[in-house]
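A look at the structure
Take a look at the letters that make up each chain.
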Amino acid sequence: MTAPPTTEAQEFAGAVADLFDRYSSTEALREAHATSAGRVPALREHLARMGVPGLSISPAHGGLGADAEATTAILIEAGRRAVSEPLIEHVVAAAVLGSSDSDLADLWLPRLAAGTAEVAIGLAEQPVPGARTADLLLMIDGDAAWAVDPASVELAETMSVDPGMRPCSVTWSKDGAQELAPGSADIARRTVAVAAAAQLLGLSEAMLDAAVAWALVREQFGRKIGGFQAVKHELASVYAEIAFCRPVVLHAAASLASSTTSADHDASHAALRASRVSRYVARAALQVHGAVGYTQEHDLHLFMTRAWAVSSVWADPVRHLYRITQELRSDQLS
Amino acid sequence: MHPTASPTREELRLEVRRWLAQHLPRSPLESFDTEAGFAAHREWERLLHSAGLAVVTWPVELGGRGLDIIDWLIFEEEYWASGAPGRVGQNGIFLLAPAIFEFGTEEQKARLLPPMARGDEVWAQAWSEPGAGSDLAALTSRADRTEGGWRLNGHKIWSTRAAFADRMFGLFRTDQDAERHRGLTYFLVPMSAEGVTVRPIRQLDGGAGFAEIFLDDVLVTDDDVLGDVDRGWHVAMSTTASERGLMLRSPGRFLASSARLLELWRRVSESEPVRAASLEARVVDARLDAEAYRLYVHAAARASMSGTPVGPESSANKLFWSELDIRIHETGLDLVDGWATRIDDADVAPWVDGFEFSLAGPIYAGTNEIQRNIIAERILGLPRDAS
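A few points on the structure. (Residues numbered from 1 in each chain as written. Chains lettered and ligands numbered in written order. Predicted model: local features only at pLDDT ≥ 70, side-chain atom pairs only at ≥ 80, totals over all residues. Heavy atoms only, no water.)

**Things to note about the overall build of chain A**
Selection rule: Secondary structure counts use DSSP, requiring at least four H or I residues in a row for a helix and at least two E residues in a row for a strand, with both numbered from the N terminus. The globule rule used for comparison is 2.2 Å times the number of residues to the exponent 0.38, while the radius of gyration itself is calculated over C-alpha atoms. Residues are treated as being in contact if the distance between any of their heavy atoms lies within 4.5 Å. The Shrake-Rupley method, run with a 1.4 Å probe sphere, supplies the accessible areas, and residue values consider only the shown protein chains as cover. We score Asp and Glu as negative and Lys and Arg as positive, and we do not count His or the chain ends. To locate a charge, the coordinates of NZ of Lys, CZ of Arg, CG of Asp or CD of Glu are taken.
Counting its regular elements, chain A contains 11 helices and 9 strands. Here chain A has a C-alpha radius of gyration of 20 Å; the compact-globule value for 334 residues is 20 Å, and the two agree. By principal-axis analysis of the C-alpha atoms, chain A measures approximately 70 × 50 × 40 Å. Within chain A, contacts between residues separated by at least 24 positions form 70% of all contacts whose residues are at least 6 apart in sequence. Counting only carbon and sulfur atoms, one obtains 53% of the accessible surface of chain A, whose full area is about 14100 Å². Across chain A, the 26 positively charged side chains and the 39 negatively charged ones have centroids separated by 8 Å.

Below you can see the structure in the form of structure tokens.
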């Protein structure tokens, strides 16, 4: 069931969104991008004070215990402001470590919830965002997931298209790493897919808003460009794609929360659709902005590059399309 | 996972599934755009009605079951998955009836709705005119006051089901001095009335799916007016909102056709693996889009049940299903080697019929250009066209 979020969850999401507005303005993001961590220190502090790093961590481990739907609402808000905090990583760690009562959960979740430790997530062979500053690495490798001590790995910095992302390729060994409970890799993959889809949905909404705002002020041929049918129809098409993405993301969050049998399918669908929609919206928004959108002086690039990076790292549409294709080949309809 | 499941809803699902399995016509009915096919479809409507399945959301006393819209969505999923016949009463049930429920008098409801539910009275829509298509408010058909009623004159066109229907609904200008959408009135007219002439028009597929209607001094009474005089635009727009919104094309249709597409694709994967592989991504996308459409409509239905009326967002709905329908059927045809020269093949014909029908989707019920204007202006707040 995708029931509408409860009022309490909505209120909390609104309060977190206010924090994002106050501390993660595009000016603040630009300043942060010039620093080595790429992040806004004030935002990090305030989020920790509100308990956001422990959003989906259980109260027993010092977190807020929000379910997937409430978490999704906040991830959408984060996407809307191109927030570069490692929210996805915390949500994934909460799901993976919290799903079994290992000593790792007792060791790490309270620190992650308090915001005194950070975690980075490695998917397959990809460079790992935030690996340099993480206190714990969760490496997802095929059917298994491993907790890895950052002191035991070799890091080589790579460069992200998103100026707020600090990835490293990680050379690690299973010797000395701790294997997580069976099923952890699947939990990680579907959790990251839904979390990324939520951020991409927010990013898409923000880019549409920006394009509409620009179309209402930019004038050519003596009139606002938003009055030209070519522009109106393109933005209407963008609106429709986003409108049909939102319920898919919310449904995936609900499936995740209740661990239904279709949770993997729904997560892949959400990641695939949100990735594709965000790429389409980015391109349409750029076209509406024209040359000014093709600059770093304008804010649009902050959202475009963030969307490209979130899609590529956390919601790779090709992998998800492949997964769903394999499933549909074998006669499973959800 | 089904987006809105519950035990009682599942009971309904099973009841509908069982009933359809027992009562479906042994072979597909002839197209309802032929005289014999129309009659056969009318009989099917009567059979549906006898099982209480013709209009499940209507009140019991008017021929329905008083179910909510989620139940209707479930009914529709089962209906289209079973391969049941198209609904010849569609125009009346889904376009006119919502307006009668909202604007009709008690007398009109009691007189018009039960025969509509039984299939005894099949309605044709009569919106467009030769000079008023997308620009519906430019219509010139007129109604003039007479003693005890109205005299209608004009020319309607592209009137769906008009070739064989019993009654029609449409807009006529009652205030000749008013401009555009003001001064229009919503009339309900028997096709048998003196002065009504119907000329069927052969459609792309050869059937007489729509017709021209000429009205020459047709006399109707005040009881044939729906809603207030001169307020017909308002009445009609409430219908088209439901038309674009939840009622016109339920997700069940596209879940069913995308499931058939998957079956076809799996079969072709055995016989022509290269062809199937080339179309793989389109098949998968069609299925996912049908799932997205279901999730969107269920979310809208839940919102509507908790008091949020369907507004201009329904324009996005119409864009999505009409374009999806074409993609599903184009992909189905592409899976069949040489489809265009085998349209008499019983396996190919439904895909051809579905393809041709799908091409009308972006045109009827307000063209997709009009829907994009509505989204741009009423949702995004972009300027109206400067013309």
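Still more ground to cover, so stick around.
**Some points on the side chain of Lys232 of chain A**
Which entries qualify depends on this criterion: Throughout this description, buried means an accessible area under 20% of the type-specific maximum (1.4 Å probe, protein chains only), exposed means over 50%, and partly exposed covers the range between. Under this definition, polar contacts are N or O atom pairs within 3.5 Å; protein pairs additionally need one hydrogen-donor-capable and one acceptor-capable atom, and for neighbouring residues in sequence, both atoms have to be side-chain atoms.
Examined against the element boundaries, Lys232 of chain A turns out to sit in helix α8 (residues 229–257). For Lys232 of chain A, a relative accessible area of 0% corresponds to the buried category. Looking at Lys232 of chain A, its side chain comes within polar contact range of the main-chain oxygen of Pro383 of chain B, at 3.0 Å. Here Lys232 of chain A is in contact with Gly226 and Gly227 of chain A together with Asn373, Ala376, Glu377, Leu382, Pro383, Arg384 and Asp385 of chain B, once residues within four sequence places are set aside.

**Some remarks on the packing of helix α9 (residues 314–334) of chain B against helix α11 (residues 368–379) of chain B**
All names here are of chain B. Basically, it comes down to this: In this description, a line fitted to the C-alpha atoms serves as the axis of each element, helices being fitted only across the stretch in contact, and the angle between N-to-C directions of two axes falls anywhere from 0 to 180 degrees. We call a crossing left-handed when the near helix sits turned anticlockwise from the far one by less than a right angle, and right-handed when that turn is clockwise. Each residue gets one of three labels, nonpolar for Ala, Val, Leu, Ile, Met, Phe, Trp, Tyr, Cys and Pro, charged for Asp, Glu, Lys and Arg, and polar for the others, Gly among them.
α11 packs onto α9 with a crossing angle of 145° between their chain directions and a minimal axis gap of 8 Å. When the axes of α9 and α11 are compared, the crossing they make is left-handed. On α11, the residues that touch Ser315, Ala316, Lys318, Leu319, Ser322 and Glu323 of α9 are Asn368, Gln371, Arg372, Ile374 and Ile375. Here the residues of the contact of α9 with α11 sort into 4 nonpolar, 4 polar and 3 charged.

**Topic: helix α1 (residues 7–23) of chain B**
All names here are of chain B. Our working definition: Any helix carries an expected span of 1.5 Å times its number of residues minus one. By arc we mean the arc of the directions from the helix axis to the C-beta atoms, nothing more.
Helix length check: α1, at 17 residues, gives a terminal C-alpha distance of 24 Å against a target of 24 Å (1.5 Å per residue), a fit within 8%. Those residues of α1 lying buried are Arg9, Leu12, Arg13, Val16, Trp19 and Leu20. Seen from one end, α1 has its buried residues packed into an arc of 135°, which puts them on one side. The exposed set on the far side of α1, more than 90 degrees from its buried face, consists of Pro7, Glu11, Arg18, Ala21 and Gln22. In this fold, the buried residues of α1 make contact with α2 (35–50), α3 (69–81) and α8 (273–305).

**Observations regarding the interface of chain B and chain A**
What counts here: Here the buried area means the combined drop in accessible surface, using a 1.4 Å probe, for two parts upon being joined, counting both sides. A pair is scored as a salt bridge if a Lys or Arg side-chain nitrogen falls within 4 Å of a carboxyl oxygen belonging to Asp or Glu.
Chain B puts 41 residues into the contact, and the matching count from chain A is 41 residues. For the pair chain B and chain A, the two sides together bury roughly 3600 Å², of which 65% comes from carbon and sulfur. Counting across the chain B and chain A interface gives 4 salt bridges. Taking the shortest distance from any N to any O, the salt bridge between Arg273 of chain A and Asp289 of chain B comes out at 2.7 Å.

**Let's talk about the sheet that holds strand β4 (residues 144–148) of chain A**
Residues and elements named next belong to chain A. Formally: Pairs of strands are assigned from DSSP output, requiring at least two bridges between the strands.
Taking strand neighbours across the sheet as the criterion, the 4 strands line up as β1-β3-β4-β7 in an open arrangement whose pairing is mixed. The sheet is open, and its two borders are formed by β1 (119–123) and β7 (178–179), each paired with just one other strand. Pairing of strand β3 (residues 136–141) with β4 involves 5 bridges; the strand directions are antiparallel. Bridge pairing in β4 links Asp141 to Ala144.

**Some remarks on the environment of Ala285 of chain A**
Within the secondary structure, Ala285 of chain A is located in helix α9 (residues 263–289). If we ignore the near neighbours within four places in the chain, the residues touching Ala285 of chain A are Met207, Ala211 and Leu300 of chain A.

**Some remarks on the sheet that holds strand β6 (residues 167–171) of chain A**
All names here are of chain A. The strand order across the open sheet formed by 3 strands is β2-β6-β5, and the pairing between neighbours is antiparallel. Looking along the sheet, the strands with just one partner apiece sit at the ends: β2 (128–129) and β5 (154–157). Of the pairings in the sheet, the one linking β5 to β6 comprises 4 bridges and is antiparallel in character. Across the sheet, the residue bridging to Glu157 is Cys168, located in β6.

**Re the packing of aromatic side chains**
Geometry of an aromatic ring pair is reported as the spacing of the ring centres plus the angle between the planes. Note the cut-off: Between 30 and 60 degrees the pair is tilted, below 30 it is stacked and above 60 it is edge-to-face, where a pair is any two Phe, Tyr or Trp rings, Trp via its six-membered ring, whose centres lie within 6.5 Å. Each ring is checked for a lysine NZ or an arginine CZ that lies within 6 Å of its centre and within 35 degrees of its normal; such an atom marks a charge sitting over the ring.
Scanning all chains against the criterion turns up 24 aromatic pairs over all chains. With 6.3 Å between their ring centres and 20° between their planes, Phe254 of chain B and Trp321 of chain B make a pair best called stacked. In this pair, Phe254 of chain B is assigned in helix α7 (residues 251–271) and Trp321 of chain B in helix α9, connecting sequence segments 67 residues apart. Judged by relative accessible area, which is 0%, Trp321 of chain B ranks as buried. Measuring from centroid to centroid gives 6.0 Å for Trp339 of chain B and Phe355 of chain B, while their planes differ by 70°, and the two rings are edge-to-face. Of the two residues, Trp339 of chain B is situated in the loop between α9 and α10 (349–360) and Phe355 of chain B in helix α10; the sequence distance between them amounts to 16 residues. Residue Phe355 of chain B is classed as buried on the basis of its relative accessible area, which comes to 15%. Among the aromatic side chains, those forming a connected cluster through ring pairs are Phe244 of chain A together with Phe254, Tyr293, Tyr296, Phe320, Trp321, Phe357 and Tyr364 of chain B. The side chain of Arg223 of chain A reaches across the aromatic face of Phe228 of chain A, ending 4.1 Å from its centre. For the cation-ring pair, Lys156 of chain B lies above Phe172 of chain B, with the distance from its terminal atom to the ring centre recorded as 4.9 Å.

Without other data, these values stay purely geometric and don't point to any function.
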